Amino acid sequence: MNRETLILLANAAFMRAGVPTPRMIFLKTPGCNVFVVPTPRKPVLVIAGDLSAKLSTEQIEAVFLHEAAHLACKHFSKRILANLSALLWTASGLVVLFLIAVVLLPPQWVVLVAFFAPIPAAVAQIGLFSRALRAQEFEADRVAVEKLGADPDQLASAIRNLSGDESPSAAAKRWNVTGVSAWLQTHPPTAEREVKLRALVPVKSSQSRAA
Ligand SMILES: [Zn+2]
């Protein structure tokens, strides 16, 4: 499939979602990926690697509809809010913890709390934000299928083809923090997405085109 056909497919997907087609950038990379990057002027759709070597036309259509769903759901502005709310929660948690330490602990322990508590707080903040990102991935899958007419099986198999090695990193295993590593993932596990996708009832294409 040539670049022009990819551009046509992307245009059709974003038009179906009722959002302007982003600027498109093609990258030559060994691995394959498709994602939208928000920029102050216009979002950019990045197509990395030889997409048509890895995915069928139907899978590419489904992936473009997933990316279009991110824009239709205004996920990028919601990410700023999610980040601020994660920051607010963890900052207030830190303040409460510090106040409790001041009341209950001897001064040398309060110093230790003040010194070390920001580390788990930072992990919690990134984790809360990552959880919001994972929820957005599920929502984009659902909107792509239920509102835009993406084929759930094609989207699930495309995600499977594009997903890299998902096993916890060697470092996470060595430090026995695979749970923390999962908490910090920005994308849900592919197997979980596949199960949820296959449970969705797709809208008929003709319906979505008329909408
Ligand atoms: Zn996505």
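Cut-offs applied
Residues numbered from 1 in each chain as written. Predicted model: local features only at pLDDT ≥ 70, side-chain atom pairs only at ≥ 80, totals over all residues. Helix = DSSP H or I, 4+ residues; strand = E, 2+ residues; numbered from the N terminus. Buried ≥ 20, exposed ≤ 12 C-beta atoms within 10 Å, placed from the backbone. Contact = placed C-beta atoms within 7 Å. Core = buried A, V, L, I, M, F, W, Y, C linked by C-beta atoms within 7 Å. pLDDT = per-residue confidence, 0-100. Pairing = 2+ DSSP bridges. Axes fitted to C-alpha atoms, helices over the stretch in contact; angles between N-to-C directions. Parallel < 35°, antiparallel > 145°, perpendicular 65-115°, else oblique. Left-handed = near helix turned anticlockwise from the far one by under 90°. Nonpolar A, V, L, I, M, F, W, Y, C, P; charged D, E, K, R; others polar.

### A short note on the overall build of the protein
Right, so step 1: If you tally the helices and strands in the protein, you get 11 helices and three strands.
Right, so step 2: The buried share of the protein, taken over its 211 residues, is 23%.
Right, so step 3: Contacts spanning at least 24 positions in sequence make up 69% of the contacts within the protein whose residues lie at least 6 apart.

### Observations regarding the environment of K28
Right, so step 1: Examined against the element boundaries, K28 turns out to sit in the loop between β1 (23-27) and β2 (33-37).
Right, so step 2: In this structure, the C-alpha to C-alpha distance between K28 and I47, residues 19 residues apart in sequence, is 8.7 Å.

### Some remarks on the nonpolar core
In summary, soluble globular proteins display a tendency toward joint burial of nonpolar side chains.
Right, so step 1: By size, the foremost hydrophobic cluster in this structure holds 30 residues, and its most contacted members are V63, L65, A68, A69, A144, L148 and L155.
Right, so step 2: Of all the secondary structure elements, the ones that give two or more residues to this core are α1 (3-16), β3 (44-48), α3 (57-72), α6 (118-146) and α7 (152-162).
Right, so step 3: In contact with L155, not counting residues within four places along its chain, are A62, V63, H66, D141, A144, V145, A150 and L197.

### Considerations on unusual backbone geometry
Right, so step 1: With phi around 55°, K74 is a residue other than glycine that occupies positive phi space.
Right, so step 2: Note on placement: K74 falls in the loop between α3 and α4 (75-104).

### Things to note about the confidence of the model for the protein
Right, so step 1: Scored by pLDDT, the protein has a mean of 87; 90% of the residues are at 70 or more.
Right, so step 2: Between the elements of the protein, mean pLDDT differs from a low of 51, seen in helix α11 (residues 205-210), to a high of 96, seen in α3.

### Some points on the sheet that holds β1
Right, so step 1: Across the sheet, three strands lie side by side as β1-β3-β2; this open sheet has mixed pairing. With partners counted over all chains shown, the strands left at the sheet margins are β1 and β2, one partner each. Neighbouring strand axes in the sheet, compared pairwise and without regard to direction, differ in orientation by 20° on average.
Right, so step 2: Against the sheet, α3 engages β2 and β3, with an angle of about 15° to β2.

### What about the environment of A86?
Right, so step 1: For A86, the location among the structural elements is in helix α4.
Right, so step 2: For the pair formed by A86 and A124, sequence separation is 38 residues and the distance between their alpha carbons is 8.2 Å.
Right, so step 3: What A86 contacts, discounting residues up to four positions off in sequence, is Q125, L128 and F129.

### Details of α7
Right, so step 1: All buried positions along α7 are accounted for by P152, Q154, L155, A156, A158, I159 and L162.
Right, so step 2: Taken together, the buried residues of α7 touch β2, α2 (51-54), α3, α6 and α10 (190-198).

### Let's talk about the pairing of β3
Right, so step 1: Every second residue of β3 is oriented toward a common face, the buried set being L45 and I47 and the non-buried set V44, V46 and A48.
Right, so step 2: Here five bridges tie β1 to β3, and the two strands are oriented parallel to one another. Bridging across to β3, R23 finds its partner in V44.
Right, so step 3: Sheet analysis places β2 next to β3, joined by five bridges and oriented antiparallel. Note that in β3 the partner of V36 across the bridge is L45.
Right, so step 4: Two successive antiparallel strands, β2 and β3, enclose a turn made up of six residues.

### Some thoughts on the packing of α6 against α10
Right, so step 1: Following both chains from N to C, one finds α6 and α10 inclined at 30°, their axes separated by 10 Å at the closest point. On the basis of their axis angle, the class for α6 and α10 is roughly parallel. Note on packing geometry: the crossing formed by α6 with α10 is right-handed. Contact residues: F138, D141 and V145 in α6; R193, K196 and L197 in α10.
Right, so step 2: Classifying every residue of the contact of α6 with α10 gives three nonpolar, no polar and three charged.

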